[in-house]
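Coordinates in review
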Amino acid sequence: MKMMSTLLLSLAALMTSGTVISNVDPRKDTTGSILNAHDGNILHMYGEYYWYSIGYGDCTENPGCSKAGVNNSCGFMFNHSVTLYTSKDLSSGSWVNRGNVLPVQNRPMGIVFASTVVYNNVTDQYVLWANYLPSNNFQLSRYFVATSKSRFGPFDVVNPHVNLTRSPQGDSKIFVDDDGQGYIIYTTVEKAGHLLAIERLTPDFIYSQGDSAPLNPSGCMEAPSVFIDRESGKYFALASECCCFCSEGGDVEVYSSDSILGNYTHHGSINQKRQIPAQQTYVLPVNTTSGWQYIWIGDRWGSAPDKLKSHDFTYWGLLNWTGAGSGRLPQTMEFVDQFDVNLADSF
């Protein structure tokens, strides 16, 4: 009986992984180096988390967009990397640097931002989308698509200029629904501000099908992300107030819908007073021992103690919810120094 109890306790320990995530100490890889990981998205597959991120050079500049479009300023250089880090439990010190999955020579010349990588089960390929500026003119901002048979890359560009229904394009994220259909949520610089839209992709995720739904944001928005809340079954789209490498962060507006292509209801901001000095980059769903939780991730531009842009912190925090069922909504966020998450192994 004692042996059986010990065995059961051991199995329970194997099924969970308690991880402490800090917002005070910089995230580090297995060599002790600070992660050069910004923008991007995180996938869970093969028992690990894959963080496809934008890497900035070891240069310094004041936060903000004062040098926007200048290709020799830190945030607007032609040599940004698309770096892959992997981890089994999201903890600092566990991330393995897998290198640049999209070398400069494999992509169009320009300033690359906001990459997303997803898996396509129809083509059995990994698909990478990125926003890029072919010159320092934001009116030429667009997306390219690259693919790879390996999750570790390298990726090769197969569509150098995606034709979406709205242009010029800004930040974006690719979302794959439960049925395998892909969508892009993106911003576009139309008229006086950044508008938000969601658009259906072709089965190979390389082109748009043209089906598009506007979200009608209340102001200039950037860095959108969309996910399914498993309790309510609703689609939630979150987007950050325009701040372009700002250090103070911005409002995070919340929209929800019963359908991925809308109509979406606007629920206001969960970062009204900029309690979190970060600009949203991604919302990561994680399966935990207490059910699905959602980690909000934002870039804290200008936060590195050594002033290197490559070392700027990212903020991670669990979304807290109010209400139940179809009435569930994320609550206003509050800065936390650290939090614990017990990850479930099987998802």
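Only a predicted model underlies this, so the values are computations on that prediction, with no experimental measurement involved.

1. What to know about the sheet that holds strand β16 (residues 252–257)
- Pairing is antiparallel in the open sheet, where four strands are placed in the order β14-β15-β16-β17. Here the strands that pair on one side only, and so sit at the sheet edges, are β14 (221–228) and β17 (265–269). The average angle at which neighbouring strand axes cross in this sheet is 20°, direction not considered.
- One ladder, built from three bridges, connects β16 with β17; its direction is antiparallel.

2. Focus on the state of the cysteines
- This structure, assessed with the given rule, holds three disulfides.
- Through a disulfide, C59 is tied to C74; the S-S separation comes to 2.0 Å. Linking C59 and C74, the disulfide has an S-S dihedral of approximately 90° and is accordingly described as right-handed. Of this pair, C59 sits in the loop between β3 (48–55) and β4 (81–87) while C74 sits in the loop between β3 and β4, and the two are 15 residues apart along the sequence.
- For C74, a relative accessible area of 3% gives the class buried.

3. A few points about the pattern of salt bridges
- Counted according to the given criterion, the structure contains seven salt bridges.
- Between D258 and K234 there is a salt bridge, with its nearest N and O atoms 2.8 Å apart. One end of the pair, D258, is in the loop between β16 and β17; the other, K234, is in the loop between β14 and β15 (235–241), with 24 residues separating them in the sequence.
- Residue D258 is classed as exposed on the basis of its relative accessible area of 61%.
- For E241, the salt bridge is made with R274, and the minimal N-O distance between the two is 3.1 Å. Of this pair, E241 sits in strand β15 while R274 sits in the loop between β17 and β18 (279–288), and the two are 33 residues apart along the sequence.
- For E241, a relative accessible area of 22% corresponds to the partly exposed category.
- Residues participating in the shared-partner salt-bridge network are D229, E231 and R328.

About the cut-offs
- Residues numbered from 1 in each chain as written.
- Predicted model: local features only at pLDDT ≥ 70, side-chain atom pairs only at ≥ 80, totals over all residues.
- Heavy atoms only, no water.
- Pairing = 2+ DSSP bridges.
- Helix = DSSP H or I, 4+ residues; strand = E, 2+ residues; numbered from the N terminus.
- Axes fitted to C-alpha atoms, helices over the stretch in contact; angles between N-to-C directions.
- Disulfide = S-S within 2.5 Å.
- Buried < 20%, exposed > 50% of the residue type's maximum accessible area, 1.4 Å probe, protein only.
- Salt bridge = Lys/Arg side-chain N within 4 Å of Asp/Glu carboxyl O.

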